Amino acid sequence: MGTGEQLITVGAVLLGALTTHATNYLMERGRNRYQSQTRWDDRKIDAYAEYVDSAKLRIAGAVRLYEAREGLREEHRPEPELRENLSEAGRRWGSAFELVMLLGGDDAIEAGHELNSLVAEIDWQATGRISGSLDEWRERHRGAFRLINAFHEAARADLGIQGSVTGARHPERDLLLPSARRDPSARQGSGEG
């Protein structure tokens, strides 16, 4: 084998080694990037879910306090305990939003800010800091659940999840309200039993 052939063989081996090294480097880099992205997406999902859950808990705590204060529901816990539960739900909600602020995309953060404003109004009406009618109370709740859906949309887009939670295939839902109470004496007189 001549010197030229040996140089070509050595060059081919070096080129093969460099190509293998470059390919392995790029594949490892891509895998690390994918793992990092997946890890952050997992954290975002947890942060988004915790935020929505804590917002709903704060709303539920406000409902219990409001209904007890307005005489709409018989509540066996004293008002100071209901207020403390609402306050604790507010602390959890604040911590959950901090995670959204740290990990979330711009649109999800903005949707969270809008939701926060309305949830605060619900809290304030429940505690008596602002006044309002039952219809205004219910409209605040309708608005809050529309904003929760808007937050879901922004979070899904940030995570690259296809589909939608609103739109033609998912019509807007209204509050689930119990039917009006009937007078028990009217029921007995109607022959129902």
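Reading the values: the criteria
- Residues numbered from 1 in each chain as written.
- Predicted model: local features only at pLDDT ≥ 70, side-chain atom pairs only at ≥ 80, totals over all residues.
- Heavy atoms only, no water.
- Core = buried A, V, L, I, M, F, W, Y, C linked by side-chain atoms within 4.5 Å.
- Buried < 20%, exposed > 50% of the residue type's maximum accessible area, 1.4 Å probe, protein only.
- Helix = DSSP H or I, 4+ residues; strand = E, 2+ residues; numbered from the N terminus.
- Contact = heavy atoms within 4.5 Å.
- Salt bridge = Lys/Arg side-chain N within 4 Å of Asp/Glu carboxyl O.
- Phe/Tyr/Trp six-rings, centres within 6.5 Å; stacked < 30°, edge-to-face > 60°.
- Patch = residues over 30% accessible without salt bridge, like charges linked within 9 Å, V, L, I, M, F, W, Y side chains within 5 Å.
- Areas by Shrake-Rupley, 256 points an atom, 1.4 Å probe, with all protein chains shown as cover.
- Lys, Arg positive; Asp, Glu negative; His and termini not counted.
- Charge placed at Lys NZ, Arg CZ, Asp CG, Glu CD.
- Expected span 1.5 Å × (residues − 1).
- pLDDT = per-residue confidence, 0-100.
- Axes fitted to C-alpha atoms, helices over the stretch in contact; angles between N-to-C directions.
- Parallel < 35°, antiparallel > 145°, perpendicular 65-115°, else oblique.
- Left-handed = near helix turned anticlockwise from the far one by under 90°.

Whenever I open this one, the nonpolar core confuses me. Can you help?
In summary, soluble globular proteins display a tendency toward joint burial of nonpolar side chains. Residues Tyr48, Tyr51, Ile59, Val100, Leu115, Trp137 and Phe151 are the most contacted members of the largest nonpolar core, which totals 31 residues. Looking at this core, the element that brings in the most residues is helix α1 (residues 3-69), giving 9 residues. Apart from residues lying up to four places away in sequence, Tyr48 is in contact with Val100, Gly104, Gly105, Ala108, Phe151, Ala155, Asp158 and Leu159.

Hey, could you run me through the pattern of salt bridges in this one?
Here the structure, examined in full by the defined rule, presents 11 salt bridges. One salt bridge in this structure joins Asp158 and Lys44, with 3.0 Å as the shortest N-O distance. Of this pair, Asp158 sits in helix α4 (residues 134-159) while Lys44 is found in helix α1, placing the two residues 114 residues apart along the sequence. Among the residues examined, Asp158 registers a relative accessible area of 26% and is labelled partly exposed. Note that Arg91 and Glu84 form a salt bridge whose closest N and O atoms lie 3.0 Å from each other. Its relative accessible area of 41% is what places Arg91 among the partly exposed residues. Look at the salt bridges and you will find they share partners, linking Glu50, Asp53 and Arg92 into a network.

Looking at this model, I keep getting lost on the packing of aromatic side chains. Mind explaining?
Note on aromatic pairs: each is described by the distance of the centres and the angle between the planes. Tallied over the entire structure, the rule returns 4 aromatic pairs. A centroid spacing of 5.5 Å and a plane angle of 90° characterise the contact between Tyr48 and Phe151, whose relative ring orientation is edge-to-face. With Tyr48 in helix α1 and Phe151 in helix α4, the pair connects residues that are 103 residues apart, well separated along the chain. Each member of the pair Tyr48 and Phe151 is classed as buried. Ring geometry for Tyr66 versus Trp137: centroids 3.9 Å apart, planes at 15°, classification stacked. Pair noted here: Tyr66 is in helix α1 and Trp137 is in helix α4, with a separation of 71 residues, a long-range link.

Explain a negative patch on the surface to me, please; I cannot follow it from the model alone.
A cluster of acidic residues, Asp106, Asp107, Glu110 and Glu114, forms a negative patch at the surface. The exposure class assigned to Glu110 is partly exposed, which follows from its relative accessible area of 44%.

Hey, could you run me through the side chain of Lys44 in this one?
The exposure class assigned to Lys44 is buried, which follows from its relative accessible area of 13%. Sequence-distant contacts of Lys44, that is, excluding residues within four places in its chain, are made with Leu103, Asp158 and Leu159.

Explain the environment of Ala55 here, please?
Within the secondary structure, Ala55 is located in helix α1. Classification of Ala55 as buried rests on a relative accessible area of 0%. It is 8.1 Å that separates the C-alpha atoms of Ala55 and Asn116, two residues lying 61 residues apart in sequence. With near-sequence residues (within four places) excluded, Ala55 lies in contact with Trp93 and Leu115.

Before we go on, may I ask you to explain the side chain of Arg58 in this structure?
Structurally, Arg58 can be placed in helix α1. Those residues in contact with Arg58 that sit more than four places away from it in its chain are Leu86, Ala89, Gly90, Trp93, Val119, Ala120 and Asp123.

What should I look at first to understand helix α2 (residues 79-103) in this one?
Working note: α-helix, 3.6 residues per turn, so residues spaced by three or four point in the same direction. If you check α2, its first and last C-alpha atoms are 36 Å apart, about what 25 residues at 1.5 Å a residue would give, namely 36 Å. Burial in α2 covers these residues: Leu82, Leu86, Ala89, Gly90, Trp93, Ala96, Phe97, Val100 and Leu103.

Explanation requested: the confidence of the model for the chain in the structure shown.
The predicted coordinates ought not to be read in detail in places where the model reports low pLDDT. Averaged over the chain, the pLDDT score is 84; the fraction of residues at 70 or greater is 81%. Here helix α5 (residues 184-189) stands out as the element of the chain with the lowest mean pLDDT, 45, in contrast to helix α3 (residues 106-127), whose mean of 97 is the highest. Counting interchain partners and residues more than four positions distant, the pLDDT-below-50 stretch residues 182-193 has 2 contacts.

Please clarify how the packing of α3 against α4 should be interpreted in this entry.
Working note: a packed helix pair is described by the angle between its axes plus the distance between those axes. Relative orientation of the contacting elements α3 and α4 amounts to 160°, with a least axis distance of 9 Å. One finds that α3 runs roughly antiparallel with respect to α4. Helix-helix and strand crossings are classified by hand; for α3 and α4 the assignment is left-handed. Contacts between α3 and α4 involve Asp107, Ala108, Ala111, Gly112, Glu114, Leu115, Leu118, Glu121, Ile122, Gln125 and Ala126 from the former and Glu136, Trp137, Arg140, His141, Gly143, Ala144, Leu147, Ile148, Ala150, Phe151, Ala154 and Ala155 from the latter.

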